[in-house]
Amino acid sequence: NHVTGRLKVAPEHTSDEVLKMMRKPSFQLFKKFNQFFDKINKSNNLNQQLIPYFISSHPGSQTEHMAELAVQTRELDFKLEQVQDFTPTPMTVATVIYYSGYHPYTMEKIFTPKDKETKLSQRLFFFWYKSENRRSIENKLMSIGRKDLISKLFKR
């Protein structure tokens, strides 16, 4: 009764490792919500959409995490629209990690994408479904040793 046709939600990532850096729950919770949403749609003969929002280049996010995000969102039949590169925000743990390179609670060194090439490479995985991105994505997957994800991402 309260959804106008598109419900926007923010799982932000699919990697539990990255979600932990974001201080967010497991992606499994979003999957359960998606199933519940689909069930309500079917039982009420509705055609409403769930629009997920995701972030690339967050502290802790590796290329492999983004590749897996692409595969998981593809399996859920999402073609992402609502996406953003990480932007440091004052007073957050993620911003401390971004600027220092260390998690302030554990003092663990955390990889953080900062250079233009890495950020663009991560963002590319959001748009796996665009034909002009396929070759770059395949090359990136081969370079990180994840050729196995090519068939999952580009299955016919």
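This structure is a prediction, so every number in the text was calculated from the model and none was measured.

Asker: Could you give an account of the layout of surface pockets, with specific residues and numbers?
Answerer: Counted as a void, the largest pocket has a volume near 360 Å³. Along the walls of the largest pocket sit 17 residues, with Gln49, Leu50, Leu76, Asp77 and Phe78 positioned nearest its centre. Put simply, the parts of the chain that give the lining of the largest pocket at least two residues each are α2 (27–43) and β2 (49–56). Here the lining of the largest pocket is built from residues that sort into 8 nonpolar, 5 polar and 4 charged.

Asker: Tell me about helix α6 (residues 134–143), residues and numbers included.
Answerer: Within α6, burial applies to Ile137, Glu138 and Leu141. Within α6, the buried residues cover an arc of 100 degrees as seen down the axis, which keeps them to one side. More than 90 degrees from the buried face of α6, the exposed residues found are Arg135 and Ser143. In this structure, the buried residues of α6 make contact with α3 (63–75), α5 (116–124) and α7 (148–153). Gly145 sits one or two residues past α6 and shows a positive phi near 75 degrees.

Asker: Account for the packing of aromatic side chains, with residues named and values stated.
Answerer: A complete count under the given rule lists 9 aromatic pairs for this structure. A centroid spacing of 6.0 Å and a plane angle of 45 degrees characterise the contact between Phe30 and Phe78, whose relative ring orientation is tilted. Note that Phe30 is positioned in helix α2 and Phe78 in the loop between α3 and β3 (82–85), a separation of 48 residues in sequence. Taking the centre distance of 5.0 Å and the plane angle of 90 degrees together, the rings of Tyr98 and Tyr99 count as edge-to-face. Its relative accessible area of 16% is what places Tyr98 among the buried residues. Look at Tyr99 and you get exposed, because its relative accessible area is 60%. Among the aromatic residues, those joined into a ring-pair cluster are Phe27, Phe30, Phe54 and Phe78. Between the NZ or CZ atom of Lys114 and the centre of the ring of Tyr98, over which it lies, the distance is 4.8 Å.

Asker: Summarise the nonpolar core; cite the residues concerned and give the values.
Answerer: By size, the foremost hydrophobic cluster in this structure holds 31 residues, and its most contacted members are Leu80, Phe125, Phe126, Ile137, Leu141 and Leu153. Listing elements by their share of this core, those giving two or more residues are α1 (16–22), α2, β2, α3, α4 (93–100), α6 and α7. Broken down by element, this core gets its largest block of residues, 5 residues, from α3. Every residue in contact with Leu141, bar those within four places of it in the chain, is listed here: Ala67, Phe125, Arg146, Lys147, Leu149 and Ile150.

Asker: Got a sec to walk through a nonpolar patch on the surface? Specific residues and values, please.
Answerer: On the surface, a cluster of nonpolar side chains totalling about 340 Å² of accessible area is made up of Phe33, Phe36, Ile40 and Leu46. Mapped onto the secondary structure, Ile40 falls in helix α2.

Asker: Give me the sheet that holds strand β1 (residues 6–12): which residues, what numbers.
Answerer: Reading across from one edge, β1-β2-β3 is the order of the 3 strands in this open sheet, with parallel pairing throughout. Whereas interior strands pair on both sides, the edge strands pair on one side only; in this sheet they are β1 and β3. Each strand of the sheet is rotated relative to its neighbour by a mean of 20 degrees, with strand direction disregarded. One ladder, built from 5 bridges, connects β1 with β2; its direction is parallel. Residue Arg6 lies in a different strand from β2, and its bridge partner there is Gln49. Of the strands in this sheet, β1 and β2 are in contact with α2, which crosses β2 at around 165 degrees. Where α5 meets the sheet, its contacts fall on β2 and β3, and the angle it forms with β3 comes to roughly 165 degrees.

The rules behind each value
- Residues numbered from 1 in each chain as written.
- Predicted model: local features only at pLDDT ≥ 70, side-chain atom pairs only at ≥ 80, totals over all residues.
- Heavy atoms only, no water.
- 1 Å grid on protein atoms, 1.4 Å probe; cavity = no way out; pocket = protein on both sides within 12 Å on 5 of 7 lines; lining within 4 Å.
- Points joined across faces, edges and corners; volume = space filled by probe spheres on them.
- Helix = DSSP H or I, 4+ residues; strand = E, 2+ residues; numbered from the N terminus.
- Nonpolar A, V, L, I, M, F, W, Y, C, P; charged D, E, K, R; others polar.
- Buried < 20%, exposed > 50% of the residue type's maximum accessible area, 1.4 Å probe, protein only.
- Arc of directions from axis to C-beta.
- Contact = heavy atoms within 4.5 Å.
- Phe/Tyr/Trp six-rings, centres within 6.5 Å; stacked < 30°, edge-to-face > 60°.
- Lys NZ or Arg CZ within 6 Å of the ring centre and 35° of its normal.
- Core = buried A, V, L, I, M, F, W, Y, C linked by side-chain atoms within 4.5 Å.
- Patch = residues over 30% accessible without salt bridge, like charges linked within 9 Å, V, L, I, M, F, W, Y side chains within 5 Å.
- Areas by Shrake-Rupley, 256 points an atom, 1.4 Å probe, with all protein chains shown as cover.
- Salt bridge = Lys/Arg side-chain N within 4 Å of Asp/Glu carboxyl O.
- Pairing = 2+ DSSP bridges.
- Axes fitted to C-alpha atoms, helices over the stretch in contact; angles between N-to-C directions.

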